[in-house]
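The residues making up each chain are set out below.
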Amino acid sequence: MYDNEIDDFGTEDTEVKLEEPKPVRLTFHLIAKRNLPLGYDENDHDQVLQELNAISRIRLDRANIGKIDSFELLGPKVTNLYLQVNLIEKIENLECLKNLTFLTLADNRIRRVENLNCLPKLHFLDLSHNCVSQQNFDIDEFPQSLIILNLKGNPCCNHPDHRGRMIQELVNLRQLDEVEISAKEKREVGLEASSDEEEEDETEEELVSPNKKPQEKESLQSFSTEILIRSQRRMEQGLKDHHNHTAELDEIRERTHLPLSSRRPQKS
């Protein structure tokens, strides 16, 4: 059947053209709209600013944001920033968020790791499913404070010594690309494993067990790692649910001859 030919059911078989989503500007208004309760007075700038400055978690995922900006008015209480599933191409303008501990930029269009050393308290960083290549990869751009790092789905992960180099250079890492770092791996790159790592080498199920009490951990860092891993699991489940939902919608569109979604699930 040729383009624009009518089939036996009377429907027109036309070529489906996918439209790229247009990047949305990240504004103070958008931050307020996504993070303040319904009914806030957007005309009362001072009140909006006061309410935003009391928030520790800023959620701006799935908004087609094209550029990181407009965070300079946020307060020092911000510790968690969710920017996954957007159209961001560059890591920038985060230096005003000095107390950030949790940052996810998964499923964007980022090509280079940069401008992250301004975040001295960052423990969790998710850059999975971006476009970071080995040519645009500099380990020195990662903060030494990182405990959990996810680069899964980037071309840079194809380097034969990717895991070994990251473990050697980022000595505080406990998890890399969704896989726990063992005491054996640390020893192989010349690092000294801590006593709890030597004794435990726990399974993932034991590490994230909700029944484990903080006082049972041998160090504050271990307990912090446990909390971060739980946050990562929730975030990953959200991404999987989003991808599954998009796939289901695309199947329906294909059956009904509607245009497909422009943001189809990416495969790692």
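Residues numbered from 1 in each chain as written. Predicted model: local features only at pLDDT ≥ 70, side-chain atom pairs only at ≥ 80, totals over all residues. Heavy atoms only, no water.

F71, L94, L103, F142 and L149 are the most contacted members of the largest nonpolar core, which has 51 residues in total. At 4 residues, the largest contribution of residues to this core is made by helix α1 (residues 28-35). Excluding anything up to four places from it in sequence, L94 contacts I68, F71, L81, L103, L116, C118 and L119. (Core = buried A, V, L, I, M, F, W, Y, C linked by side-chain atoms within 4.5 Å. Buried < 20%, exposed > 50% of the residue type's maximum accessible area, 1.4 Å probe, protein only. Helix = DSSP H or I, 4+ residues; strand = E, 2+ residues; numbered from the N terminus. Contact = heavy atoms within 4.5 Å.)

Enumeration over the complete set of coordinates arrives at 0 disulfides. In this model C96 remains outside any disulfide bridge; the closest cysteine sulfur is found in C118, 8.4 Å from its own. A relative accessible area of 30% places C96 in the partly exposed class. (Disulfide = S-S within 2.5 Å.)

With the rule as written, the count across this model stands at 3 aromatic pairs. Judged by centre distance (5.1 Å) and plane angle (40°), the ring pair of Y82 and F102 falls under tilted. Of the two residues, Y82 sits in strand β4 (residues 80-82) while F102 sits in strand β5 (residues 102-104), which places them 20 residues apart along the sequence. Of the two residues, Y82 and F102, both sit in the buried class. On the basis of an interplanar angle of 55° and a centroid distance of 5.7 Å, the ring pair of F137 and F142 is categorised as tilted. For the cation-ring pair, R59 lies above Y82, with the distance from its terminal atom to the ring centre recorded as 4.1 Å. (Phe/Tyr/Trp six-rings, centres within 6.5 Å; stacked < 30°, edge-to-face > 60°. Lys NZ or Arg CZ within 6 Å of the ring centre and 35° of its normal.)

Here the focus is the confidence of the model for the protein. The predicted coordinates of low-pLDDT regions are not to be read in fine detail. Per-residue confidence for the protein gives a mean pLDDT of 79; residues scoring 70 or more make up 65%. Across residues 1-6, where pLDDT falls below 50, the model places 13 contacts with residues more than four positions away in sequence or in other chains. (pLDDT = per-residue confidence, 0-100.)

So, on to the side chain of S70. Here S70 lies in the loop between β3 (57-59) and β4. Beyond its immediate stretch of four places on either side in the chain, S70 contacts L26, T27, F28 and I31.

Turning to the packing of α1 against helix α2 (residues 45-52), a few remarks are in order. Running from N to C, α1 and α2 cross one another at 60°; their axes reach a closest spacing of 11 Å. One finds that α1 runs oblique with respect to α2. Relative to α2, the crossing made by α1 is left-handed. Of the residues in α2, those touching α1 at F28, I31, A32 and N35 are H45, V48, L49 and L52. Among the residues making up the contact of α1 with α2, the classes are represented as 6 nonpolar, 2 polar and no charged. (Axes fitted to C-alpha atoms, helices over the stretch in contact; angles between N-to-C directions. Parallel < 35°, antiparallel > 145°, perpendicular 65-115°, else oblique. Left-handed = near helix turned anticlockwise from the far one by under 90°. Nonpolar A, V, L, I, M, F, W, Y, C, P; charged D, E, K, R; others polar.)

Before going further, it helps to examine the environment of N117. As for its placement among the helices and strands, N117 is situated in the loop between β5 and β6 (124-126). Residue classification places N117 among the partly exposed positions, given a relative accessible area of 43%. Separated by 23 residues in sequence, N117 and L94 have C-alpha atoms that sit 9.8 Å apart. Ignoring any residue separated from it by four or fewer positions in sequence, one finds N117 in contact with D140, E141, F142 and P143. Among the polar contacts made by the side chain of N117, one reaches the main-chain carbonyl oxygen of D140 at a distance of 2.7 Å. (Polar contact = N/O pair within 3.5 Å; in protein donor to acceptor, adjacent residues only side chain to side chain.)

Before going further, it helps to examine helix α3 (residues 162-169). Counting along an α-helix, one turn takes 3.6 residues, and residues three or four places apart therefore face a common direction. Within the span of α3, buried status applies to H162, G164, M166 and I167. Contacts from the buried residues of α3 go to β7 (148-150), β8 (175-176) and α4 (183-188).

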